[in-house]
Number of protein chains: 2
Amino acid sequence: MKPLSVHTVIVYSGGMDSTVLLYDILDRGIRAEALSFDYGSRHNHRELSMAKNICENLKVPHHIVPLDFFKGFFKSALLSSGDPIPEGPYNESTMKQTVVPFRNGILMSIAAGYAESVGASEIVLASHGGDHAIYPDCRPDFNRAFSQAVYFGTDGKVSVRFPYEGLDKRNIGDIGRKLGVDYAKTWTCYKGGLHHCGVCSACNERRYALRFEEKMDPTTYLDSAKPR
Amino acid sequence: MKPLSVHTVIVYSGGMDSTVLLYDILDRGIRAEALSFDYGSRHNHRELSMAKNICENLKVPHHIVPLDFFKGFFKSALLSSGDPIPEGPYNESTMKQTVVPFRNGILMSIAAGYAESVGASEIVLASHGGDHAIYPDCRPDFNRAFSQAVYFGTDGKVSVRFPYEGLDKRNIGDIGRKLGVDYAKTWTCYKGGLHHCGVCSACNERRYALRFEEKMDPTTYLDSAKPR
């Protein structure tokens, strides 16, 4: 029996979570097309060039959607128009400053429209349990309602899946290691320098996920002395 | 007792439906801010200049969000990159060509993020019963799911309302007449010429809504001979 030919659009940042998900769906024989968004965040230029390289290597069609309006219309420390990136562990108060309002809703709505336009049957996003505390548009109740909205709003043509919804970032790191993801080629740091800073909240999470303490993290950090 | 100070973001095209809704919410004493989207449709330049003028007259803050990516990523006769606009009555086959996939989901997601960013408590959209047959992202089941997604995805900070969901376009036309809307200053025609063409599916709907046959429609149509 011929396998079902599933055509998926992945919301793809070039970060470690979505890179693992991309490897994961390809490993399952799913036809993937990657959509990245240039929304003017500080680390966007680093992420996007990594996303481009990874897709080229995997022979996955890759499109970058320019979202120039983000800078003018939204306020967040994540955007280069906002405040400095907070440092330290990934707790509520530091992370709150990095919220871009309804970001996942916006990116997935565009991905849903694109998917319908090209005849893809689903979109996938790598949001996970570690993001739930602070980003409301990563939580299961949002995911359920948004999936329904896309299903109804595309007349049943497009489904939405969040395969890592129940996982934490270290689970994802472990999955990717098994799938052969080269984490040195993925980007996480919110600061967007030449190397990962090692101290912003995103770098803290990355070090935890990639088991830095167990010497399994291949990332070059500018400052790796600070404990998580 | 002081009335509740509601701050609303209206998704505002400059067409007749959203213009009536804008008058309607102002009439109820609600503080309104209007968000228009430049997504490269043929009639966008006509709509947007009317939207700008109406907001200036009503002293409503008005922002135009540029969505340049639409042209490159979506296919629809509504976009100037697509096929010619179909003529004739507003039936399924002609309208299908004017669907921009998941358009309302995309526009409202951006409006939701903007609303959260400026501290507005709700967004409103003037979609109505006449659109249900062909545009899935105008139907009640989409509206319900999407409202929930925004509520969860903004941590309860932003609600979504579709005040005209149960009405048809003629109901809306009648409401606007009572509120003093000058329909000659609103735009509907999909073709985006100097005057309304009078024969595209949108003009057909407009003539019905504004009671053209009863000589109540102030619109100048290039071709007004054809019956609906």
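A few points on the structure. (Residues numbered from 1 in each chain as written. Chains lettered and ligands numbered in written order. Predicted model: local features only at pLDDT ≥ 70, side-chain atom pairs only at ≥ 80, totals over all residues.)

Examining the overall build of chain A
Filter applied, for reference: Numbering of helices and strands runs from the N terminus, with a helix taken as a DSSP run of H or I at least four residues long and a strand as a DSSP run of E at least two residues long. Counting other C-beta atoms within 10 Å of its own, a residue is labelled buried from 20 upward, exposed at 12 or fewer, and partly exposed in the gap between, with every C-beta atom placed from the backbone. Two residues form a contact once the distance between their C-beta atoms, set from the backbone, is within 7 Å.
Within chain A, the regular secondary structure consists of eight helices and five strands. For chain A, the sequential pattern of α-helices and β-strands runs β-α-β-α-β-α-α-α-β-α-β-α-α. Counting over 228 residues, chain A shows a buried share of 54%. Residue pairs at least 24 apart in sequence account for 70% of intrachain contacts in chain A once pairs closer than 6 positions are excluded.

Details of the packing of helix 7 (residues 169–179) of chain B against helix 8 (residues 201–209) of chain B
All names here are of chain B. Just so we agree on the cut-off: Think of each axis as a best-fit line through the C-alpha atoms, taken over the contacting stretch in the case of a helix, with angles from 0 to 180 degrees between the N-to-C directions. Angle categories are assigned with fixed cut-offs, so that under 35 degrees is roughly parallel, over 145 is roughly antiparallel, 65 to 115 is roughly perpendicular, and the rest are oblique. For a crossing to be left-handed, the near helix must be turned anticlockwise from the far one by less than a right angle; the clockwise case is right-handed. Classification convention: Asp, Glu, Lys, Arg as charged; Ala, Val, Leu, Ile, Met, Phe, Trp, Tyr, Cys, Pro as nonpolar; all other residues, Gly among them, as polar.
Between helix 7 and helix 8, the shortest axis-to-axis distance is 8 Å and the interhelical angle comes to 55°. With respect to each other, helix 7 and helix 8 are oriented oblique. Viewed along their axes, helix 7 and helix 8 form a crossing whose handedness is right-handed. The residues of helix 8 that touch helix 7, namely those facing Lys169, Arg170, Ile172 and Gly173, are Glu205, Tyr208 and Ala209. Grouping the amino acids of the contact of helix 7 with helix 8 by side-chain chemistry returns three nonpolar, one polar and three charged.

A word on the environment of B:Ala34
Residue and element names in this part refer to chain B. Of note, Ala34 is situated in strand 2 (residues 31–38). Each C-alpha atom of the pair Ala34 and Gly176 lies 17 Å from the other, and the pair is 142 residues apart in sequence. Once residues lying within four places of it in the same chain are set aside, the contact partners of Ala34 are Ile10, Tyr12, Leu22, Cys55, Val60, Pro61 and His62.

As for the sheet that holds strand 1 (residues 7–11) of chain A
Residues and elements named next belong to chain A. Going by this rule: A strand pair is defined by DSSP finding two or more bridges across the two strands.
The sheet built from five strands is open, its strands ordered 3-2-1-4-5 with parallel pairing. Here the strands that pair on one side only, and so sit at the sheet edges, are strand 3 (62–66) and strand 5 (159–161). Along the sheet, successive strands turn relative to each other by an average axial angle of 25°, direction set aside.

These results come straight from atomic positions and should not be treated as a statement about function.
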